[in-house]
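A closer look at the structure
Next come the chains, spelled out residue by residue.
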Amino acid sequence: MGDVLKCKFCDEVATVHLTQIINNKIHKVDLCETCAQQKGVSDPEGFSLAEMLMQSNAAMGSDDQQLQCPACGFNTSDFRRTGRMGCAECYTAFEPILEPILEDMHSGLKHTGKVPSHALNRQSYHTRLHHLKAALVRAVEGEAYEEAAKYRDEIHALESGASEQNKVNKA
Amino acid sequence: MIESIIGGRKAELTQSSKRTAPVVLSTRIRLARNLADSPFPQRANLSQRRVVLTDCVSQIQRLESMESGTFIEIEQLSDLEKQVLLERHLISSELIESSKGCGVYINSEQTCSIMINEEDHLRIQFLKTGFNLKSLWKRINSFDDAIDQYLNLAYSEELGYLTACPTNLGTGMRASVMMHLPGLVLSENMEKVTRAVGQLGIVVRGHFGEGSDASGHIFQISNQQTLGESEPEILERLGNVLKSIIDQELNARFKYLEDKPELLMDQIGRAYGVLQNAHVLSSNEAMHLLSLLRLAVDFNFLPESRRAEVDRCFIECQPGHIQYDVKSDIAPELRDTARAAKLRSVFSKLPPLSFDSLEENK
């Protein structure tokens, strides 16, 4: 009869049946012995059903848009296959497909926890530097040399300020 | 390679002189962190991984709290050494599998281990005996502040700390408490509890083995979600669930004691006898007997001071530790003999079981 449950990942007969409740939704997964081992079901440290569900959900929607991370070259199918991101930039690149996945996994979509002040400072430093350099290029191209000199000085000040900061940090 | 760690005289889990508690063995918090400028470890090539490793190690070494720590490159460890560290939860099986270009930093008290190039660039773990979520968070939080100062962490205002797997996104924090729950197992309530707390986003895992009858009756209980709540909120919620599990466990124990005192005394008495006299003990059986002995301490059948010894044996009777102890490659059967010998010697001076507390209650 068609009652034999098949493994979610291959077509073998499923002998491991898992149930976990994530965000009040019941998730059931049937696995064969081999896949269960591979997915770390027998490893109490490494196993999370949410993680595995995400991977299998990810594996299903194969016909959606092909996105690619400009920083590390990771693309949608890499993400669907591994369930993991390639680098920090991937989170920007894969934003369009991320929301439903995160909704299934977490209690919210926005970080409300700790804010690392140094990481934020560095980020705003890089953004400002980027803007100033672009403005400098525009000014030079428009032959607005007075303005360009102003930007150059600002960049200089920002950079030397940052290296001072670096010295403090690395001291 | 790891003698300094295993032979250490002040390891939190095995040498702690602090008072141990019923039900809760230890508390652990780990934070997943990544560097902004390098692909995540699985995606990075070996030379990129080496750069991350060198960077992280040189920065971590400068931290005051890490001065007395040891850095170990996983590649340089034997399989047995890896297993011993794994059994102590100082490294993970994922780190072992990564093998090349990864390592771990362990402080001398073994209360802090930092895995480098595991699933994420950094996995910072702090642990303490007993039920200590808040104080542990304070310590790991300030350690993390120092890391932020020296290393450029991947972070977004929207999604928080960016991690290789989206399941860890946001706080990157997993807090877990190791609990000894023989009452809930013996009264067959463990599955119900697992299901109930699951609805609250809390995960229960058997520690030494699988499912609801984990050997040693030891379970690791942790938060599942990491995004959408702040760290103190997650810890508060987890803490409340754990407190109610402790209550239920104690209720289950006293109900068992009231309903079946002879059965309970018999089980504990047999465990006592076997631990003092057995010559062959498998890991599973040892865990089960140790669990009953711990229960005996909790019921005051044995002096409170003996609990630390039992907790130490839970760790040191695992296969890797036994093998490491005898310093040679031995077959599993001989390991069982060595384990029994060790337990006989540890418990040879155990005072007789005293069931007076039971009589008083009658």
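Residue numbering note: each chain is counted from 1, following its sequence as written. Chains and ligands are labelled sequentially in the order written, the chains with letters from A and the ligands with numbers from 1. Owing to the predicted nature of the model, reporting of local features is limited to residues with pLDDT of at least 70; listing and counting of side-chain atom pairs is limited to 80 or more, with chain, interface and lining totals taken over all residues. Remark: hydrogens and water are excluded; side-chain values derive from all non-hydrogen atoms of the structure.

As a further point, take the overall build of chain A. Within chain A, the secondary structure is distributed over seven helices and two strands. Starting at the N terminus, helices and strands are each numbered in turn, a helix being any DSSP run of H or I of at least four residues and a strand any DSSP run of E of at least two. Listing the helices and strands of chain A from first to last along the sequence gives β-β-α-α-α-α-α-α-α. Relative accessibility decides the category of a residue: with a 1.4 Å probe and only protein chains considered, values under 20% of the type maximum give buried, values over 50% give exposed, and everything between is partly exposed. Within the span of chain A, comprising 171 residues, buried residues form 40% of the whole. Areas reported as accessible are Shrake-Rupley estimates using a 1.4 Å probe. Residue values count occlusion only from the protein chains shown. Just so you have it, chain A exposes about 10200 Å², and 51% of that area is on carbon and sulfur atoms.

Within chain B one finds 15 helices and ten strands. In terms of C-alpha radius of gyration, chain B reaches 21 Å, essentially the compact-globule figure of 21 Å for 362 residues. Overall size of chain B, expressed as C-alpha extent along the three principal axes, is 65 × 45 × 30 Å. Expressed as a percentage of its 362 residues, the buried residues of chain B come to 59%. We compute the radius of gyration over the C-alpha atoms and compare it with the globule rule, which gives 2.2 Å times the number of residues raised to the power 0.38.

The next subject is the nonpolar core. Residue and element names in this part refer to chain B. Ile60, Ile114, Ile147, Met179, Leu181, Ile221 and Ile245 are the most contacted members of the largest nonpolar core, which has 52 residues in total. Ranked by residues supplied to this core, first place goes to helix α9 (residues 231-259) with eight residues. Note that the domain bounds were set by an automatic or database domain assignment. Both domains that furnish three or more residues to this core are identified here as domain 1 (1-17 + 28-170) and domain 2 (176-253). By the convention used here, residues are in contact when the closest approach between their heavy atoms is within 4.5 Å. Leu181 has contacts with Val23, Met190, His217, Phe219, Ile221, Ile245 and Glu249, leaving out every residue within four places of it along the chain. Core analysis: the next-biggest nonpolar cluster, separate from the first, contains 35 residues, Leu281, Leu292, Val297 and Val346 among them. Definition of nonpolar core: a set of buried residues of the types Ala, Val, Leu, Ile, Met, Phe, Trp, Tyr and Cys, connected through side-chain atoms within 4.5 Å.

Next up on the list: the pattern of salt bridges. A pair is scored as a salt bridge if a Lys or Arg side-chain nitrogen falls within 4 Å of a carboxyl oxygen belonging to Asp or Glu. Tallying each qualifying case throughout the model produces 28 salt bridges over all chains. For the salt bridge of Arg81 of chain A with Asp78 of chain A, the shortest nitrogen-to-oxygen distance reads 2.9 Å. Of this pair, Arg81 of chain A and Asp78 of chain A both sit in helix α3 (residues 76-82), three residues apart, which is roughly one turn of that helix. Three or more residues are tied together by salt bridges with common partners; here these are Arg84 of chain A together with Glu94, Glu118, Glu119, Asp120 and Arg123 of chain B.

Where helix α6 (residues 117-141) of chain A meets helix α6 (residues 133-150) of chain B, the axes come as close as 7 Å, and the angle between the chain directions of the two elements is 25°. Classed by the angle they form, the pair α6 of chain A and α6 of chain B counts as roughly parallel. Seen from α6 of chain A, the contacting residues are Ser117, His118, Ala119 and Arg122 of chain A; seen from α6 of chain B, they are Asp148, Gln149 and Tyr150 of chain B. The convention used is that axes are lines fitted to C-alpha atoms, helices contributing only their stretch in contact, and that angles between N-to-C directions extend from 0 to 180 degrees. Here the word oblique covers every angle except those under 35 degrees (roughly parallel), over 145 (roughly antiparallel) and from 65 to 115 (roughly perpendicular).

Moving on: helix α14 (residues 332-346) of chain B. For α14 of chain B, built from 15 residues, the straight-helix expectation of 21 Å at 1.5 Å per residue is met to within 8% by its first-to-last C-alpha distance of 21 Å. Buried residues in α14 of chain B make contact with α10 (261-277), α11 (283-298), α12 (307-316) and α13 (319-326) of chain B. To estimate the expected span of a helix, subtract one from its residue number and multiply by 1.5 Å.

A word on the domain arrangement of chain B. Residue and element names in this part refer to chain B. By domain assignment, chain B separates into domain 1 (1-17 + 28-170), domain 2 (176-253) and domain 3 (260-361). One C-alpha centre belongs to domain 1, the other to domain 2; they are set 25 Å apart. In this assembly, twelve residues from domain 1 lie in contact with 17 residues from domain 2. The term buried area means the drop in 1.4 Å probe accessible area that two parts suffer when joined, counted for both and summed. A combined buried area of about 1200 Å² lies between domain 1 and domain 2, and 67% of that area is made up of carbon and sulfur atoms. The largest share of the area that domain 1 buries against domain 2 comes from Arg28, Phe131 and Leu133, three residues that together contribute 45% of it. Our count for the domain 1 to domain 2 interface comes out at zero salt bridges. Sorting the residues of the side of domain 1 that touches domain 2 by element identifies β1 (24-33) and α6 as the ones contributing at least two each. When residues of the side of domain 1 that touches domain 2 are assigned to their parent elements, the largest contribution, three residues, is made by α6. By the convention adopted, Pro, Cys, Tyr, Trp, Phe, Met, Ile, Leu, Val and Ala count as nonpolar, Lys, Arg, Asp and Glu as charged, and the other residues, Gly among them, as polar. Grouping the constituent residues of the side of domain 1 that touches domain 2 by class yields six nonpolar, four polar and two charged.

For the rest of this paragraph, the subject is helix α3 (residues 46-62) of chain B. Between the first and last C-alpha of α3 of chain B there are 25 Å, a value that for 17 residues agrees with the 24 Å anticipated at 1.5 Å per step. When α3 of chain B is considered as a whole, its buried residues turn out to be Arg49, Val52, Leu53, Cys56, Val57, Gln59 and Ile60 of chain B.

Counting residues at the interface gives 57 residues for chain B, matched by 49 residues for chain A. At the boundary of chain B with chain A, total buried surface from both sides reaches about 4400 Å², with 49% on carbon and sulfur atoms. It is Arg43, Tyr155 and Pro166 of chain B in chain B that bury the most area against chain A; as a group they hold 15% of the surface buried on that side. At the junction of chain B with chain A, the criterion picks out four salt bridges.

Examined against the element boundaries, Ala148 of chain A turns out to sit in helix α7 (residues 145-170). Distance in space between the C-alpha atoms of Ala148 of chain A and Val137 of chain A is 7.8 Å, their sequence separation being eleven residues.

Where like charges cluster on the molecular surface, the negative patch consists of Glu95, Glu99 and Glu103 of chain A together with Glu157 and Glu158 of chain B. Inspection of the secondary structure assignment puts Glu99 of chain A in helix α5 (residues 95-105). For Glu99 of chain A, a relative accessible area of 46% gives the class partly exposed. A residue counts toward a patch only above 30% relative accessible area and without a salt bridge, and it is joined to like-charged neighbours within 9 Å or, for Val, Leu, Ile, Met, Phe, Trp and Tyr, to nonpolar neighbours within 5 Å. Note on charges: Lys and Arg go in the positive column, Asp and Glu in the negative column, and His and the chain ends are not counted at all. Charge placement uses NZ in Lys and CZ in Arg. For Asp and Glu, CG and CD serve respectively.

The subject of this paragraph is the packing of α9 of chain B against α10 of chain B. Two measures define how a pair of helices packs: the angle their axes make with one another and the distance between the axes. All names here are of chain B. Put simply, α9 and α10 touch, their axes get as near as 5 Å, and they point 105° apart. On the basis of the axis angle, α9 is roughly perpendicular to α10. When α9 is examined against α10, the residues Tyr256, Leu257, Glu258 and Asp259 are found in contact with a partner set consisting of Pro261, Leu263, Leu264 and Gln267. Per-class residue counts for the contact of α9 with α10 are five nonpolar, one polar and two charged.

This part is about the pairing of strand β3 (residues 103-106) of chain B. Residues in a regular strand point their side chains to alternate faces of the sheet. Residues and elements named next belong to chain B. Burial along β3 is two-sided: Gly103 and Tyr105 facing one way and Val104 and Ile106 facing the other are all buried. Should DSSP find at least two bridges between two strands, the strands are taken to pair. As defined by bridge partners, strand β2 (residues 70-73) adjoins β3 across four bridges and the pair is classed as antiparallel. The residue bridging Ile72 from the neighbouring strand is Val104, located in β3. By the bridge criterion, four bridges tie β3 to strand β4 (residues 112-116) in an arrangement that is antiparallel. The residue bridging Val104 from the neighbouring strand is Met115, located in β4. Where β3 hands over to β4, the hairpin turn is made up of five residues, of which Gln110 adopts a positive phi near 55°.

If pLDDT is low for a region, its predicted coordinates should not be looked at in detail. Here chain B averages 90 in pLDDT, while 94% of its residues score no lower than 70. Interface confidence in the predicted complex, given as ipTM, is 0.84; pTM for the same model is 0.80. Residue-level confidence of the predictor is what pLDDT reports, using numbers from 0 through 100.

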